[in-house]
Structure formats: C-alpha cells, structure tokens
Amino acid sequence: LRGRGIQTDGIHLQDTMSHPQDNDDNDGNPKDDEERGVQSLSDIALESGNAGVEAAQKLLEAQNLTTTMSREYSIPQEIRDQWKKSGNEHAAMASISGGQSGQLNSLLVVDDAGRQHSQTDTYDSTQTNTNTNTKVETTHNSLEDSNWSQFFENARLLDEIRKDVMRTHPDLSFFLEETRNLGQRRYAALERILFIWAKLNKGVRYVQGMNEIVGTIYFVLANDCNEEWACEAEVDTYFLFNSLMVEMRDVFVPDLDDADTGIQGRIANMMDLLALHDPEVKCHLDDCGIDATYYGIRWLTTLLSREFLVPDTTRIWDSMFASTHKDNFLRYVCVTMVMVIREQLLKGDFSVCLRLLQSYPPTDMDRLLQSSRALWIYESQVTLACHKGGISLQQALAAIAPPPTLFMAYGCEGGVSPIRKERIEVAMRREAQQGIAATKEAGKNFLGNAKGLLNEWRTSNMERKQAKSDYRRSKTS
C-alpha cells in the first residue's frame with residue numbers, strides 16, 4: 001500500500017496523483033508521465049491492439065473516464081449543489097477537471113514478471129515461425145484475452161468505486177483542499193483502499209456504503225495530532241477497515257441477505273425490537289407504507305455515518321467499538337433513534353416519515369446513547385426476572401423500576417407499565433393524604449400552642465391588673 005503501485009490478478013493499480021516530491025518535476029508533460037511509467041486508462045486500452053480498441057473506447061465512454069467533460073458530469077448534481085452552497089464548487093471542479101492530474105488512479109496491464117503490457121510486446125501471429133507449435137500460439141492468445149478480460153473487469157470495479165468515492169463527505173474541506181492537490185490525493189487513497197480490499201476479498205464484492213466507512217476512518221486517522229501516525233493513515237485505514245469487515249462482512253454478501261447476520265435478517269431483528277418496545281410507531285409506519293429497507297439498509301451498511309456529522313459519528317463509533325456486542329449495540333441505537341422522533345412520526349404521513357428517517361434531524365448524541373444503553377439494560381433485567389424468577393412480564397414490569405433516561409419500553413412511555421403507573425399513582429395519593437394529615441396535625445398543634453399562650457397571657461395580664469388595683473387601695477388607705 002505504501003508503494004506507487006499494487007499488482008493483483010495481472011492488473012497494476014497505479015497512483016497517478018502528483019506526490020509532494022514530484023511537484024517540482026511534474027510540469028504536465030505527457031512524456032514526463034510516460035517516463036515515470038504512468039499512463040492514462042485510455043492510452044493503455046488503445047495499446048491492446050486493433051481488436052480491443054473499439055471495446056476499450058466504448059467501456060471508457062460508458063464509464064465517464066475518457067474526457068474532462070465526462071469526469072465533470074459524473075459527479076451527481078446533488079453533490080455539486082452541496083459544493084456550490086458551501087463555496088467549494090470551484091476548487092472541487094478544478095481538481096476533478098484538471099486533465100491527467102485530475103484522475104485518481106489508473107490501471108496498467110502487466111505480465112507475470114511485472115512488466116508493463118505495451119503494443120510492441122503484443123503477440124503478432126504473422127511473425128510466428130512456421131515451425132512453432134499451434135498449441136503454444138493458442139495458449140498465448142488465451143492468456144492475452146484473459147489479461148484484457150481481467151483488465152476490463154477491474155476497470156468497471158474501479159469506476160464503480162470512483163463514483164462513490166467522489167460522493168464521500170462532500171461537505172468536508174478535508175477532501176477539497178487545493179494545496180498540493182491534497183483533496184484529490186485523499187480521494188485517491190480511499191479509492192486504492194477499496195479497490196485492493198475488493199480484489200483481495202473475492203467472496204465480498206464492493207458495495208456502496210463501504211466508501212462512507214473508509215472515508216470516516218481515514219479522516220479521523222489523517223487528522224491525528226501525532227504527525228508520524230497521521231502519515232500512515234492510508235495503511236492504518238486499510239487495516240481497520242479489513243478488521244471491521246471481518247465482523248460485518250455478511251451484511252454485504254447477497255447470498256446471506258435472509259440470514260440473521262445478513263442485511264435483511266438484521267433489519268428484521270431491528271423491526272422486531274421496535275415492535276416490542278414501541279408497537280404504536282411500528283404500526284403507524286406499516287400503515288403509512290414505510291418499509292424498513294428504505295432507511296435500514298443505509299443505517300446498517302454505513303454504520304450511521306451518513307445520518308450524523310463526523311463528530312457525532314465518531315462518538316457513536318467509539319461506543320460501538322468498545323462494546324462487546326457490536327451488532328446489538330447498533331440495533332438498539334437504531335431503534336432508539338426511531339423512538340426519539342416518535343411524536344413527529346405519529347403526526348406525519350408517508351412523505352414526512354420517510355423524510356425524517358432518511359434525513360435524520362439533529363439530536364443530543366449523549367442522550368441518544370444513554371437511552372439506547374438504558375433500553376438494553378432494562379430489557380435484560382426484565383427478561384432475566386421472567387426466566388429466572390418465573391414471573392410474568394407484567395409482574396416484572398411492575399416490580400423493576402425503569403431507568404430515568406428511557407424514552408419507551410414495552411409500549412410504555414418511559415418504560416413505566418400501567419400496573420406500575422397505577423401503583424405509583426396510588427403511592428402518590430397516599431403520600432399526598434399523609435402529607436395533608438400531617439399538615440392538619442401540625443396546624444392543630446400550632447393552634448393549640450397558640451391558644452395556650454393566649455390563655456397564659458390573659459391570666460398574666462389579669463394578675464398584673466389585680467396587683468395594680470391592690471397597690472392603689474393600700475396607698476389610699
């Protein structure tokens with residue numbers, strides 16, 4: 001990964017981006033690029049000979065890889081609108097439309113010895129010695145066809161990855177920086193990581209959403225405060241992405257969609273959890289015709305990286321990577337996200353609900369994570385009480401106090417069951433009555449004491465008056 005190129009399956013992935021050490025020497029001269037062993041995809045396609053020229057041109061035109069204009073318009077309009085809104089459209093389009101230097105990576109066809117395939121090296125049957133074995137000729141031509149077939153297959157894969165890479169975090173200036181063409185070189189790094197991973201993992205083809213995961217990891221690592229570590233961001237990103245895919249690769253395998261670990265199985269488990277804890281919202285979404293795949297696929301395949309800003313995404317990932325049950329963690333977070341906006345969902349129709357779920361509103365991330373964790377803990381306590389204690393669900397809900405950070409649990413607001421709510425109300429009424437009685441008693445005591453003091457004052461006053469009267473009579477006599 002650290003080298004200028006990586007060979008796999010007879011195809012050489014060449015980094016055509018100008019490196020810092022190449023800036024002084026690279027004057028845009030095609031001859032200089034050729035001396036460095038760097039060729040454009042169209043040049044290499046034409047080197048396949050007359051038989052492959054027409055197919056190569058059609059492939060390159062179809063995949064928007066031949067001209068500056070096609071590269072420019074391969075960027076989705078919504079992404080270009082975001083760039084324009086943020087004031088970065090000029091920088092982005094200038095880097096994308098910059099001719100050869102604007103390309104990310106190109107493919108070179110090489111032989112088993114690692115030599116670049118060129119037209120002069122192409123086998124010419126007219127120059128074959130008449131004594132050469134026909135079987136050798138057939139074998140050689142088969143290898144030629146196999147090499148170019150593999151080349152076109154990789155070209156399609158690279159173009160598919162490139163289209164998604166250009167959509168990755170278009171709001172971050174990190175990927176649009178003009179200095180030394182850093183923004184485009186960072187996109188090239190994402191492209192190389194995804195391409196090589198896809199080639200080394202034949203059982204799991206590249207799927208849209210992987211680019212969001214790689215882009216987020218690369219952004220965090222490249223911005224590490226330790227410059228020595230930040231310089232190894234591409235290598236570290238590949239390692240972390242590969243480690244993560246070991247645990248969640250079943251999500252991207254079509255043959256495992258209906259399995260519990262597949263994408264459809266995980267969405268089904270998520271909706272079962274929502275039906276358990278908030279059946280009202282679940283029924284409302286079903287009535288509106290909102291299928292869980294409309295938003296669940298994106299949530300699960302991108303690990304929620306498209307629903308929140310990068311700081312919030314990294315906050316979620318920190319907690320998820322620290323969890324011993326990453327699948328459960330993500331499932332409870334997704335269900336909690338639905339319950340957080342339950343009031344808006346219950347008031348909305350199809351379009352409103354779909355907009356809320358596909359463009360999730362800003363939320364308090366700490367509170368969201370606390371609530372999802374509280375939901376998991378409360379469910380575990382209730383389940384354990386039912387299984388180990390041999391009591392019913394209603395008895396468990398009435399006996400176990402829910403955490404205060406819960407939004408919903410078992411169809412009850414705040415996780416408080418009707419029985420527990422009634423008990424709480426009875427206890428509150430009892431406390432209120434006891435408070436009133438205590439107040440009355442205190443009032444009586446206060447009034448009794450006041451009456452006693454008044455009587456004492458009256459007696460004392462009468463005694464003073466009698467003493468004065470006696471004194472006056474004695475003085476007169």
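Residues numbered from 1 in each chain as written. Predicted model: local features only at pLDDT ≥ 70, side-chain atom pairs only at ≥ 80, totals over all residues. Heavy atoms only, no water.

## Section: the overall build of the protein
Looking only at helices and strands, the protein features 21 helices and five strands. Residue pairs in contact within the protein that sit at least 24 positions apart in sequence constitute 66% of those at least 6 positions apart. With the model as given, the accessible surface of the protein reaches about 26,400 Å², and the carbon-plus-sulfur share is 51%. (Helix = DSSP H or I, 4+ residues; strand = E, 2+ residues; numbered from the N terminus. Contact = heavy atoms within 4.5 Å. Areas by Shrake-Rupley, 256 points an atom, 1.4 Å probe, with all protein chains shown as cover.)

## Details of the packing of aromatic side chains
Tallied over the entire structure, the rule returns ten aromatic pairs. Ring geometry for Y378 against Y410: centres 6.1 Å apart, planes inclined by 75°, an arrangement best described as edge-to-face. With Y378 in helix 19 (residues 365-389) and Y410 in the loop between strand 4 (408-409) and strand 5 (412-413), the pair connects residues that are 32 residues apart, well separated along the chain. Aromatic rings pair up to connect F174, F175, Y187, Y218 and F219 into one cluster. In this structure, R186 packs its charged tip against the face of F174, placed 4.0 Å from the ring centre. (Phe/Tyr/Trp six-rings, centres within 6.5 Å; stacked < 30°, edge-to-face > 60°. Lys NZ or Arg CZ within 6 Å of the ring centre and 35° of its normal.)

## Digging into a positive patch on the surface
A cluster of basic residues, R464, K465, K468 and R472, forms a positive patch at the surface. As for its placement among the helices and strands, R472 is situated in helix 21 (residues 418-476). (Patch = residues over 30% accessible without salt bridge, like charges linked within 9 Å, V, L, I, M, F, W, Y side chains within 5 Å. Salt bridge = Lys/Arg side-chain N within 4 Å of Asp/Glu carboxyl O. Lys, Arg positive; Asp, Glu negative; His and termini not counted. Charge placed at Lys NZ, Arg CZ, Asp CG, Glu CD.)

## Observations concerning helix 11 (residues 233-248)
Between its terminal C-alpha atoms helix 11 stretches 22 Å, which fits the 22 Å expected from 16 residues at 1.5 Å a residue. The set of residues buried in helix 11 consists of A233, E234, T237, Y238, F241, L244, M245 and M248. Projected onto a plane normal to the axis of helix 11, the buried residues spread over an arc of 140° and lie on a single side. Seen from the buried face of helix 11, the exposed residues on the opposite side, beyond 90 degrees, are F239 and V246. Along its buried surface, helix 11 packs onto helix 8 (182-200), helix 9 (210-222), helix 10 (227-230), helix 12 (263-277), helix 14 (293-301) and helix 15 (310-322). (Expected span 1.5 Å × (residues − 1). Buried < 20%, exposed > 50% of the residue type's maximum accessible area, 1.4 Å probe, protein only. Arc of directions from axis to C-beta.)

## Points about the environment of A398
With respect to the helices and strands, the residue A398 is situated in helix 20 (residues 393-399). On the basis of relative accessibility, which here comes to 6%, the residue A398 falls in the buried class. For the pair A398 and V416, spaced 18 residues apart in the sequence, the C-alpha separation amounts to 7.9 Å.

## With respect to the environment of G215
By secondary structure assignment, the location of G215 is in helix 9. When the C-alpha atoms of G215 and F175 are compared, they prove to be 9.5 Å apart, with 40 residues separating the residues in sequence. With residues near it in sequence (within four places) discarded, G215 still touches T168, H169, F175 and L190.

## Description of the pattern of salt bridges
All told, the structure shown has 14 salt bridges when counted by the stated rule. The salt bridge involving R186 is made with E177; its shortest N-O contact spans 3.0 Å. For R186, a relative accessible area of 15% translates into the label buried. Between E234 and R192 there is a salt bridge; the shortest N-O distance is 2.9 Å. Taken together, the residues span a long stretch of sequence, with E234 in helix 11 and R192 in helix 8 at a distance of 42 residues. Exposure class is identical for E234 and R192. Each is buried. Connected through shared salt-bridge partners, D278, E280, R342 and E343 make up one network.

## Quick word on the side chain of E379
On the secondary structure map, E379 appears in helix 19. Among buried charged residues, E379 stands out as having no salt bridge; its nearest opposite-charge side chain is R331, 6.3 Å away. Excluding its chain neighbours within four sequence positions, the residues that come into contact with E379 are L273, L276, H277, Y332 and Y410.

## Side note on the packing of helix 12 against helix 14
Relative orientation of the contacting elements helix 12 and helix 14 amounts to 110°, with a least axis distance of 10 Å. Considering the angle they form, helix 12 stands roughly perpendicular to helix 14. Two packed elements cross with a definite hand, and for helix 12 against helix 14 that hand is right-handed. Seen from helix 12, the contacting residues are I263, Q264, R266, I267, M270 and M271; seen from helix 14, they are T293, Y295, G296, I297, L300 and T301. (Axes fitted to C-alpha atoms, helices over the stretch in contact; angles between N-to-C directions. Parallel < 35°, antiparallel > 145°, perpendicular 65-115°, else oblique. Left-handed = near helix turned anticlockwise from the far one by under 90°.)

## With respect to the confidence of the model for the protein
Considering every residue of the protein, the mean pLDDT works out to 74; 62% of them sit at 70 or more. When the criterion is pLDDT under 50, residues 1-12 qualifies, and its contacts beyond four places in sequence or with other chains add up to 42 contacts. Across residues 117-132, confidence stays below pLDDT 50; counting only partners more than four residues off in sequence or on other chains, it has 17 contacts. (pLDDT = per-residue confidence, 0-100.)

## Structural notes on the side chain of E307
Position of E307 among the secondary structure elements: in the loop between helix 14 and helix 15. Relative accessible area serves as the criterion here: at 7%, E307 is assigned to the buried category. Of note is the side chain of E307, whose polar atom sits 3.4 Å from the side chain of W299. Once residues within four sequence positions are removed from consideration, E307 is found in contact with R298, W299, L357, Q358 and Y360. (Polar contact = N/O pair within 3.5 Å; in protein donor to acceptor, adjacent residues only side chain to side chain.)

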